[in-house]
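Report on the structure
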Amino acid sequence: MVALNMYRGNGGKDAAETFSKIKTILAERYQPIIAPAFDAVGSILGQSGSDLQSLSLSSPYFSERDDVIDGEIFYDAEGGAIFALCLKGVERRSFLSHINGGSEQVADEAQIVLSFVSKEWNFDNDPPAVRTASDILGIPFTRFTYSSTRFNELKAEREAAPEATEEEMNASNILCDKVLRALAIAVKASGGLLIRDLAKQLPAEMRGASEELTAKLTAAGLIDSEVVVVCAKSQAQVARVPNRTVIGEMARLGMKCACGRSISDEKIEEALTITELGRNLLDKARWLTILVVDMLQRFGVSPDNILIEQTVGGDEIDCLANISGELVLFELKDKEFSLGNAYSFGAKVAIIKPAHRVIITTEHIGGDAREHFKRARLAESSEHDGFYRFAEPTQSKANDFQYIEGVENLEQGIRKLADSIYKSDAIRLLSEVSTRFSLGGSALVGAIENIAEASSKSHSRPRRRVRLAQAAEQVPDPAAE
């Protein structure tokens, strides 16, 4: 997993001077990478590392519009992270963000940006390097992510769904179990499942554990129990009450069954019913949506960058997310994903135009649906062949259909998706600094020119004395004549 945390702060009027101070202090606490590399090569060539770095920056191959003014990359051995520190002018749009309709926020003043690449997400505390930079500048550094223009357009038209409660989260985790979920669905469909019929809803190997399964669903608040009055003559359920005491009170008041017998004389059985919580989570597989949102937040996507249960162009959208400037469309199914679902999903893709298309199913993707998507990919590749070949080095998996089959693969699938996006951004962010301040050919050629110039100056006077001596030997001596 690649975790990417980005922070920025206003550089102020004396940004260059302040940045130099921050860089010096951080170099005392963390291992710099770029400056030592220049120093090592400089020692071989007999020049200072700073001179070589100046030669690299003066290369005509770097655009004057490059937004990175100064920078360094550090290794934090204790934190297990590499982070880039850079001073930026006006932000530019990267190619990766541009093709996805995303961009970086434009800044009027120079900004100091810290980009941390690590293995794990840590939302509780900011890295020490951020606090150090904040103390020097006397201003806060704020965490930021890349935005998606398309996501912002969709979000502006809609209200974000409320976050799941702790009770909903716990119950959704219980419903991950296929047997427990099937039992809850059976209770919901029956309108009141008699305890004596409970075993019929379970696989043969699980029937002995019916009480244990029922207890788990009850503890999670997904089902409840009640007393059912069954007419002995018709075997129909004629009344449902919370407990047996209520039946005694009803009999005392003279209530009778439809057959004419006192209600207390009819068969009384216990039944299971679905609760309001259970009904809400099972409807449209909302429990699965809750788990997907939770996974996205674990991997760095903030709640305000997630939209769920929305309607776009008459189609119901399960989940939309902005992951570091890239729009992702999720389709969720608590059943096999069929060809009919594929046609419906294709219509949503045409409207949303996401960078990534992800299908999550508790079962599997049908073969005909896979074949349909395969043909769709071939058609897209043919229509935009040149564009996709050009985009492939930075975004090989964008605009493709990605499948996550089975709840047990949910975390791994979303992690893989997020990882591919963050990894691409991390490479770009580190390259912004490492390439801008790398020991390129221009620096080496400049070093050779400096060596040649220094050598020429050191030999200029001796050569002149030799020439004068040779001229003196050629002049005739009058005394000798």
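Reading guide: rules and limits
Residues numbered from 1 in each chain as written. Predicted model: local features only at pLDDT ≥ 70, side-chain atom pairs only at ≥ 80, totals over all residues. Heavy atoms only, no water. Phe/Tyr/Trp six-rings, centres within 6.5 Å; stacked < 30°, edge-to-face > 60°. Helix = DSSP H or I, 4+ residues; strand = E, 2+ residues; numbered from the N terminus. Buried < 20%, exposed > 50% of the residue type's maximum accessible area, 1.4 Å probe, protein only. Core = buried A, V, L, I, M, F, W, Y, C linked by side-chain atoms within 4.5 Å. Contact = heavy atoms within 4.5 Å. Pairing = 2+ DSSP bridges. pLDDT = per-residue confidence, 0-100. Salt bridge = Lys/Arg side-chain N within 4 Å of Asp/Glu carboxyl O.

Thoughts on the packing of aromatic side chains
- One pass over the structure, following the stated rule, counts twelve aromatic pairs.
- On the basis of an interplanar angle of 85° and a centroid distance of 6.3 Å, the ring pair of F345 and F373 is categorised as edge-to-face. With F345 in helix α13 (residues 339–352) and F373 in helix α14 (residues 367–383), this pair connects stretches of sequence that are 28 residues apart.
- The exposure class assigned to F345 is buried, which follows from its relative accessible area of 0%.
- Since its relative accessible area comes to 1%, F373 is described here as buried.
- With centroids separated by 4.1 Å and ring planes inclined at 25°, the aromatic side chains of F373 and F401 adopt a geometry described as stacked. Of this pair, F373 sits in helix α14 while F401 sits in strand β17 (residues 401–405); the two residues are 28 residues apart in sequence, bridging distant segments of the chain.

Some words on the nonpolar core
- Counting 70 residues, the largest nonpolar core has W287, L296, I323, F330 and I360 as the members making the most contacts within it.
- The element best represented in this core is helix α16 (residues 410–436), accounting for ten residues.
- In this structure, F330 is in contact with L296, D318, C319, A321, V358, I360 and L417, ignoring residues within four places of it in sequence.
- Formed by 19 residues, the second largest nonpolar core is a distinct cluster that contains Y7, L85, I112 and F141.

A few points about the sheet that holds strand β10 (residues 223–230)
- Within the open sheet, the four strands sit side by side as β9-β12-β10-β11. Their pairing is antiparallel. Across the chains shown, the open sheet's two edge strands, defined by having one partner strand only, are β9 (193–194) and β11 (237–241).
- Bridging between β10 and β11 involves four bridges; their strand directions are antiparallel. When the bridges of β11 are listed, V227 appears paired with V241.

Some remarks on the pairing of strand β16 (residues 356–361)
- For β16, a buried count of six out of six residues is recorded, marking the element as mostly surrounded by other parts of the structure.
- Taking every second residue as pointing to the same face, both faces of β16 are buried, with H356, V358 and I360 on one and R357, I359 and T361 on the other.
- Bridging between strand β15 (residues 326–333) and β16 involves six bridges; their strand directions are parallel. What sits directly across from V328, in β16, is H356.
- Sheet topology places β16 next to β17; five bridges connect them, and they run parallel. Each bridged residue has a counterpart across the sheet, and for I359 the counterpart in β17 is Y403.

A few points about the confidence of the model for the chain
- Averaged over all residues, the pLDDT of the chain is 81; the fraction at 70 or higher stands at 80%.
- Contacts from residues 91–107, a stretch scored under 50 in pLDDT, to residues over four places away or in other chains number 46 contacts.
- The model gives residues 384–397 a pLDDT under 50, and that stretch makes 19 contacts with residues more than four places away or in other chains.

Some details on the pattern of salt bridges
- Taken as a whole and assessed by the stated rule, the structure comprises 26 salt bridges.
- Taking the shortest distance from any N to any O, the salt bridge between E226 and R240 comes out at 2.5 Å. Residue E226 is located in strand β10, and its partner R240 is located in strand β11; the two are separated by 14 residues in the primary sequence.
- By relative accessible area, which is 17% here, E226 ends up buried.
- Relative accessible area serves as the criterion here: at 43%, R240 is assigned to the partly exposed category.
- Note that R298 and E411 form a salt bridge whose closest N and O atoms lie 4.0 Å from each other. With a gap of 113 residues between them, R298 in helix α12 (residues 286–298) and E411 in helix α16 connect regions that are remote in the sequence.
- In this structure R298 comes out as partly exposed when scored by relative accessible area, which is 39%.
- Overlapping salt bridges bring together K88, D425, R428 and E432 as one network.

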